[in-house]
Amino acid sequence: MTTTPTPQGALAGIQVLDLSRVLAGPWCTQMLADLGADVVKVERPGLGDDTRQWGPPFLKDAEGNNTNQASYFTACNRNKRSVTIDMATPEGQALIKRMALQADIVVENFKVGGLKQYGLDHASLRALNPRLIYCSVTGFGQSGPYAERAGYDLMVQAMTGMMSITGRADTEPGGGPLRVGVAVIDLFTGIYASNAILAALHVRDNATNGTGQGQHIDMALLDVGMAVLANQASGFLATGEAPGRMGNSHPSLAPYQDFPTQDGNMLLAIGNDGQFQRFCAAAAQPQWAADPRFATNTLRVQNRTELIPAMEAVTRTRTTAAWIALLEDKAVPCGPVNNIAQAFDDAQVKARGLAVTLPRWKDGEAGDGVAQITGVASPLRLSANPPVLRNAPPALGQHTDEVLRELGLDAARVAQLRSGGVV
């Protein structure tokens with residue numbers, strides 16, 4: 001993972017106007033920024049993206065004291081430039097339209113019709129720039145009876161049934177519907193959106209039959225939430241039976257879950273009969289592999305109530321580390337159940353360089369007490385054009401003057417706009 005300007009990112013030369021806030025849209029545009037696109041994030045003067053205030057936890061200054069900058073914002077705004085523009089003013093709308101004229105892509109996550117009053121909706125901006133790829137991210141999409149509703153990850157996790165398959169069964173202690181530990185539907189929506197944008201870029205620009213035209217991308221959290229139900233959805237559609245919560249067990253595999261050990265827990269992810277047989281041999285329990293109730297994965301799923309307690313009695317006899325040492329050279333998937341601190345301390349995580357510290361400003365901090373920010377590296381590994389991690393997530397309005405100069409505004413005009421509260 002390079003932290004220098006070379007090699008050039010795969011999307012170098014692509015201009016992105018980011019009108020999105022919170023997580024799904026910014027996650028999408030951060031992916032584009034990591035791949036080399038120039039992403040300019042438009043924020044509200046004085047306030048910025050909502051997630052700048054979503055703390056604790058907060059970023060620390062050089063002395064280790066809390067600032068007023070929430071760490072949430074930094075998860076999805078790396079490599080971007082921040083400008084502050086009040087789009088409710090005619091002057092602000094004019095500035096954003098000038099930016100859209102130069103942009104390849106716009107990403108926004110306002111409610112359906114929310115930008116029309118400002119002349120910044122898809123139809124208005126595409127009329128100015130027919131090459132523009134305009135991606136709208138909403139809770140429920142541009143059509144249907146819920147189109148005008150606001151949508152949030154937690155709401156969609158509940159509506160799609162995600163919470164009905166997450167957590168322990170109602171009959172167990174701690175049972176009941178549970179959200180996933182991160183806003184997984186927002187994150188998946190960002191990933192799907194970036195894929196759709198790259199497809200639209202190819203349609204517009206490919207050398208063989210590129211159209212030269214942009215298009216509108218309609219991304220809905222609800223659609224994505226249903227899509228990422230994956231095998232759970234396909235199982236329901238095949239049988240008509242709604243799956244329920246199973247804790248860490250798998251509906252179609254066994255044993256595939258966490259197991260207690262002498263000093264904690266470990267995770268066994270046995271996906272085929274050969275792995276099960278090798279586990280049984282290593283655990284000195286060859287009778288399990290020979291038992292006709294456990295001969296195949298389907299039989300193990302059907303008879304898991306007999307198998308799992310027997311396995312738990314054996315897994316408690318060794319420490320987690322001892323089980324991992326025993327199984328790792330026998331092609332039996334096994335690992336610790338880490339907390340996040342332990343995960344970042346893992347040797348493989350360190351070897352892959354997954355924690356990256358980036359500067360906030362070329363010559364120090366950006367006026368808010370924060371000089372550098374550590375975040376998670378991009379998981380995209382391209383051999384010729386890897387992600388280029390250039391800059392930490394920006395301070396609010398850090399690049400306003402720079403971007404306005406690029407639009408052709410002189411210092412006097414910028415000062416006039418600032419005194420009027422437009423920027």
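These numbers were taken from a predicted model, which means no experiment stands behind them. (Residues numbered from 1 in each chain as written. Predicted model: local features only at pLDDT ≥ 70, side-chain atom pairs only at ≥ 80, totals over all residues. Heavy atoms only, no water.)

1. Digging into the overall build of the protein chain
Turning to step 1, where the next piece is worked out: From N to C terminus, the protein chain includes 16 helices and 13 strands.
Turning to step 2, where the next piece is worked out: Within the protein chain, the proportion of its 423 residues that are buried is 44%.
Turning to step 3, where the next piece is worked out: Pairs at least 24 residues apart make up 68% of the contacts formed inside the protein chain by residues separated by at least 6 positions.
Turning to step 4, where the next piece is worked out: Of the roughly 20,500 Å² of accessible surface on the protein chain, 54% is carried by carbon and sulfur atoms.
Turning to step 5, where the next piece is worked out: Treating the 35 positive side-chain charges of the protein chain as one cloud and the 39 negative ones as another, the clouds have centres 2 Å apart. (Helix = DSSP H or I, 4+ residues; strand = E, 2+ residues; numbered from the N terminus. Buried < 20%, exposed > 50% of the residue type's maximum accessible area, 1.4 Å probe, protein only. Contact = heavy atoms within 4.5 Å. Areas by Shrake-Rupley, 256 points an atom, 1.4 Å probe, with all protein chains shown as cover. Lys, Arg positive; Asp, Glu negative; His and termini not counted. Charge placed at Lys NZ, Arg CZ, Asp CG, Glu CD.)

2. A closer look at the environment of L326
Turning to step 1, where the next piece is worked out: On the secondary structure map, L326 appears in helix α12 (residues 320-327).
Turning to step 2, where the next piece is worked out: Sequence separation between L326 and L32 is 294 residues; the distance between their C-alpha atoms is 42 Å.
Turning to step 3, where the next piece is worked out: If we skip the residues at most four places from it in the chain, L326 touches A282 and R318.

3. What about the confidence of the model for the protein chain?
Detail in the predicted coordinates should be disregarded across regions flagged by low pLDDT.
Turning to step 1, where the next piece is worked out: With 97% of its residues at a pLDDT of 70 or more, the protein chain shows a mean pLDDT of 94.
Turning to step 2, where the next piece is worked out: The low-confidence segment residues 1-5 (pLDDT under 50) makes 16 contacts with residues lying over four places distant or belonging to another chain. (pLDDT = per-residue confidence, 0-100.)

4. Some thoughts on the sheet that holds strand β9 (residues 256-260)
Pairing between sheet strands relies on hydrogen bonds along the backbone, with the strands arranged either parallel or antiparallel.
Turning to step 1, where the next piece is worked out: Taken in spatial order, the 3 strands line up as β9-β10-β11 in an open sheet, and their pairing is antiparallel. The outermost strands of the open sheet, each flanked by one partner alone, are β9 and β11 (334-336). Taken over all neighbouring pairs, the strand axes of this sheet differ in orientation by 25° on average, direction set aside.
Turning to step 2, where the next piece is worked out: Across the sheet, α12 touches β10 (265-269) and β11, and the angle it forms with β11 is around 155°. (Pairing = 2+ DSSP bridges. Axes fitted to C-alpha atoms, helices over the stretch in contact; angles between N-to-C directions.)

5. Notes on the packing of aromatic side chains
Turning to step 1, where the next piece is worked out: Taken as a whole, this structure holds 3 aromatic pairs when the rule is applied.
Turning to step 2, where the next piece is worked out: With 5.7 Å between their ring centres and 80° between their planes, F140 and Y146 make a pair best called edge-to-face.
Turning to step 3, where the next piece is worked out: Between the aromatic rings of F279 and W323, the centroid separation amounts to 5.9 Å while the plane-to-plane angle is 25°, which identifies the pairing as stacked. Residue F279 is located in helix α8 (residues 273-282), and its partner W323 is located in helix α12; the two are separated by 44 residues in the primary sequence. One exposure class covers both F279 and W323, and it is buried. (Phe/Tyr/Trp six-rings, centres within 6.5 Å; stacked < 30°, edge-to-face > 60°.)

6. Concerning the pattern of salt bridges
Turning to step 1, where the next piece is worked out: Counted by the stated rule, this structure contains 18 salt bridges.
Turning to step 2, where the next piece is worked out: Ionic pairing is found between E406 and R81, a salt bridge with its closest N-O pair at 2.8 Å. Of this pair, E406 sits in helix α15 (residues 400-406) while R81 sits in strand β5 (residues 80-84), and the two are 325 residues apart along the sequence.
Turning to step 3, where the next piece is worked out: Classification of R81 by relative accessible area gives buried; the value is 12%. (Salt bridge = Lys/Arg side-chain N within 4 Å of Asp/Glu carboxyl O.)

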